[in-house]
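# Fold and geometry: a report
Spelled out, the chains give:
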Amino acid sequence: QVQLVESGGGLVQPGGSLRLSCAASGSIFSSSSVGWYRQAPGKQREFVAQITSRSVTIYADSVKGRFTISRDNAKKTLYLQMDSLKLEDTAVYYCTLRETWWGQGTQVTVSS
């Protein structure tokens, strides 16, 4: 059984930074691709970033160069470092393992 718990969301001004974390349970974390999605009010959930079991990373064009995804297999934890945040980054951010298991989400609000 896999459980994912996100943390680190909050309110930040435009241009600021936040670091999201996603703690996983179970034994398949290190052998799995994991990633982040987000859903803004009134919009569909969209892909943000992914990191494979071999630490190959993929980013949505909208966050490339501003966000950094990383993982710590020993801690079974996924991270998303978000810099130069924009108003349009406001959303609930979800972590996923193999796009099969999902966390409950953490709110990120970018506002002045």
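See above for the structure.
The paragraphs below set out a description of the structure included in this document. Predicted model, so just to flag it, every value in this text is computed and none were measured.

### Quick word on unusual backbone geometry
Non-glycine residue arginine 98 carries a positive phi angle of around 55°. Note that arginine 98 resides in the loop between β9 (91-97) and β10 (101-102). Of the residues examined, arginine 98 reaches a relative accessible area of 43% and is grouped as partly exposed. Notably, glutamate 99 is not glycine yet its phi reads approximately 50°, a positive angle.

### Brief notes about the nonpolar core
Residues Trp36, Leu78, Leu80, Met82 and Tyr93 are the most contacted members of the largest nonpolar core, which totals 29 residues. Elements that contribute at least two residues to this core include exactly β3 (18-24), β4 (34-39), β5 (46-51), β7 (67-72), β8 (77-82), β9 and β11 (106-110). Leaving out residues up to four positions away in the same chain, leucine 78 has contacts with Leu20, Ser21, Cys22, Phe29, Val34, Gly35, Trp36, Ile51, Ile69, Ser70, Arg71 and Cys95.

### Focus: the state of the cysteines
Following the criterion strictly, the structure yields one disulfide and no others. The disulfide that involves cysteine 22 links it to cysteine 95, with 2.0 Å between the sulfurs. The S-S bond linking cysteine 22 to cysteine 95 shows a torsion near 50°; that makes this disulfide right-handed. You can see cysteine 22 sitting in strand β3 and its partner cysteine 95 sitting in strand β9, a full 73 residues away along the chain. The class of cysteine 22 is buried, set by a relative accessible area of 2%. A relative accessible area of 1% places cysteine 95 in the buried class.

### Structural notes on the packing of aromatic side chains
Aromatic rings in a pair are described by how distant their centres are and how their planes are angled relative to each other. Counted according to the given criterion, the structure contains two aromatic pairs. On the numbers, 5.6 Å between centres and 80° between planes, the contact of tyrosine 37 with phenylalanine 47 is edge-to-face. With tyrosine 37 in strand β4 and phenylalanine 47 in strand β5, this pair connects stretches of sequence that are 10 residues apart. The partly exposed category is assigned to phenylalanine 47, whose relative accessible area is 27%.

### Points about the pattern of salt bridges
Any two side chains of opposite charge can pair, so long as their charged atoms come close to each other. Summed over all chains, the structure comprises four salt bridges. Of the charged contacts, one joins aspartate 89 and arginine 38 as a salt bridge, the two residues approaching to 2.9 Å between their closest N and O atoms. Taken together, the positions of aspartate 89 in the loop between β8 and β9 and arginine 38 in strand β4 put the pair 51 residues apart, joining distant regions of the chain. Assigned by exposure class, aspartate 89 and arginine 38 land together as buried. Of the charged contacts, one joins lysine 64 and aspartate 61 as a salt bridge, the two residues approaching to 3.1 Å between their closest N and O atoms. Ionic contacts of the salt-bridge type, sharing partners, join the residues Arg38, Glu46, Arg66 and Asp89 into one network.

Scoring rules and cut-offs
- As a convention, each chain's residues are numbered from 1 in the sequence order in which they are written.
- Totals for whole chains, interfaces and linings use all residues, but because this is a predicted model, local features are given only for residues with pLDDT of at least 70 and pairs of side-chain atoms are given and counted only at 80 or more.
- Side-chain measures here rest on the full set of heavy atoms in the structure, leaving out hydrogens and waters.
- Each helix is a run of H or I in the DSSP string that is no shorter than four residues. Each strand is a run of E no shorter than two, and both are numbered from the N terminus.
- Three labels apply to residues, based on accessible area from a 1.4 Å probe with only protein chains included: buried if under 20% of the type maximum, exposed if over 50%, partly exposed otherwise in between.
- What makes a nonpolar core is a set of buried Ala, Val, Leu, Ile, Met, Phe, Trp, Tyr and Cys residues whose side-chain atoms join them at distances within 4.5 Å.
- In this description, contact between two residues means that some pair of their heavy atoms is separated by no more than 4.5 Å.
- Only a pair of cysteine sulfur atoms within 2.5 Å counts as a disulfide in this structure description.
- Side-chain rings of Phe, Tyr and Trp, where Trp is taken by its six-membered ring, are said to pair if the distance between their centres is within 6.5 Å; with planes under 30 degrees apart they count as stacked, over 60 as edge-to-face, and otherwise as tilted.
- For salt bridges, the criterion is a side-chain nitrogen of Lys or Arg within 4 Å of an Asp or Glu carboxyl oxygen.

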